[in-house]
Amino acid sequence: MVLTLLKAKPERKLAKQICKVVLDHFEKQYSKELGDAWNTVRDILTSPSCWQYAVLLNRFNYPFELEKDLHLKGYHSLLQGSLPYYPKSMKCYLSRTPHRMPSERHQTGNLKKYYLLNAASLLPVLALELRDGEKVLDLCAAPGGKSLALLQCAYPGYLHCNEYDSLRLRWLRQTLESFIPQPLVNVIKVSELDGREMGDAQPETFDKVLVDAPCSNDRSWLFSSDSQKAACRISQRRNLPLLQMELLRSAIKALRPGGLLVYSTCTLSKAENQDVISEVLNSYSNIMPVDIKEMARTCSRDFTFAPTGQECGLLVIPDKGKAWGPMYVAKLKKSWTT
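Residues numbered from 1 in each chain as written. Predicted model: local features only at pLDDT ≥ 70, side-chain atom pairs only at ≥ 80, totals over all residues. Heavy atoms only, no water.

1. Details of the packing of helix H2 (residues 20–34) against helix H3 (residues 37–45)
Now for step 1: Running from N to C, H2 and H3 cross one another at 145°; their axes reach a closest spacing of 8 Å. At the point where H2 passes H3, the crossing takes the right-handed sense. Together, Leu23, Phe26, Glu27, Tyr30, Ser31 and Leu34 of H2 and Ala37, Trp38, Val41 and Arg42 of H3 make up the contact between the two elements.
Now for step 2: Its residues assigned to classes, the contact of H2 with H3 comprises seven nonpolar, one polar and two charged. (Axes fitted to C-alpha atoms, helices over the stretch in contact; angles between N-to-C directions. Helix = DSSP H or I, 4+ residues; strand = E, 2+ residues; numbered from the N terminus. Left-handed = near helix turned anticlockwise from the far one by under 90°. Contact = heavy atoms within 4.5 Å. Nonpolar A, V, L, I, M, F, W, Y, C, P; charged D, E, K, R; others polar.)

Below is the structure:
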């Protein structure tokens, strides 16, 4: 009886925080787009007590003791050795239960040992297949988790982290300072440019480009504390695909021929995912889809995928015991001919 009461209290408290305006809007859209799968997705997205957190270990201050401890607690490593391009230097541990480790505090001069993240956010990074010496652009880089993950995969010749929002830029700088040693900081450039202008500023410069685009962040939007602001967000939501398309146009300009581009969002919305990529593929004769289905097959132990109707696109949806996502990932290549 006591256990029941203890469990019921936080559930009641969390239920109050869900923004009905957003939930109703998502209910209409996603029940159509996802069908029956939406019921499970909705239950997980509206129950933070079910959410899971992956532990990305920092190779620049490697926590050997913590790694042993994670093994003892039943954590397992993500995808180790199962993808041909999975880098041995990137170690990420997952638990099947919603356990969250405490975050480390930022201390000037001391590198943090681990970074907590949604494990699905590593898929766009892995899809880039980063190799040592390559020039990489992270176009919408804050808060910095994907930039950090890129640096766990390889030593780029040059990493350009861009963030247009000044508050988020500060967060990005702090993430890099907290995890990356000073000598490596010298190959990283941080800028505050409107991402839509990057292609003109640095045409055909980068071997790999990541566009982790601004989107309807489904998890956080569901817990908007201000319902008026939430309603405003929803009304402006239809403008997001245009912004995402403009960012992709800029990214394509910045990518060298033969280079790879990965587009990602943390929304379930087809309009911001498959539709944006379809428009890119219809607009550019020199942009080719790259088949990414092998990643879905390899990752099915840890992630649940919804059909996207695209060989070049994956959609991770939250599921019981695999509460990762939402995360859409699409992989494109710029050909040598125009």
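2. Some remarks on the sheet that holds strand E1 (residues 54–57)
Now for step 1: One open sheet accounts for four strands, arranged E2-E3-E1-E4; its pairing is antiparallel. Looking at strand neighbours, the two that pair on one side only are strand E2 (76–77) and strand E4 (114–117), the edges of this open sheet.
Now for step 2: Two elements, E2 and strand E3 (residues 92–94), share two bridges in a ladder whose sense is antiparallel. If you follow Ser77 over to E3, its bridge partner there is Tyr93.
Now for step 3: In the packing of helix H4 (residues 64–72) onto the sheet, the strands contacted are E1, E3 and E4, and the crossing angle to E1 comes to about 155°. (Pairing = 2+ DSSP bridges.)

3. Brief notes about the UniProt feature "active site" in the chain
Now for step 1: Here, UniProt's "active site" annotation points to Cys266.
Now for step 2: If you trace the backbone, Cys266 turns up in the loop between strand E9 (255–265) and helix H13 (274–283).
Now for step 3: The class of Cys266 is partly exposed, set by a relative accessible area of 24%.
Now for step 4: Apart from residues lying up to four places away in sequence, Cys266 is in contact with Cys215, Ser216, Asn217, Asp218, Pro326 and Met327. (UniProt positions renumbered as here; feature names shortened; annotations may be inferred. Buried < 20%, exposed > 50% of the residue type's maximum accessible area, 1.4 Å probe, protein only.)

4. Details of the UniProt feature "binding site: S-adenosyl-L-methionine" in the chain
Now for step 1: As annotated in UniProt, the feature "binding site: S-adenosyl-L-methionine" corresponds to Cys140, Ala141, Ala142, Pro143, Gly144, Gly145, Lys146, Glu163, Asp194 and Asp212 in the numbering used here.
Now for step 2: Topologically, Gly145 is positioned in helix H6 (residues 145–153).
Now for step 3: Mapping Asp212 onto the fold places it in strand E8 (residues 206–212).
Now for step 4: Take Asp212: its relative accessible area is 17%, and that puts it in the buried class.
Now for step 5: Apart from the residues lying within four places of it in its own chain, the contact partners of Asp212 are Cys140, Lys146, Ser264 and Thr265.
Now for step 6: Here Lys146 takes part through its side chain, which lies 3.1 Å from a polar atom of the side chain of Asp212. (Polar contact = N/O pair within 3.5 Å; in protein donor to acceptor, adjacent residues only side chain to side chain.)

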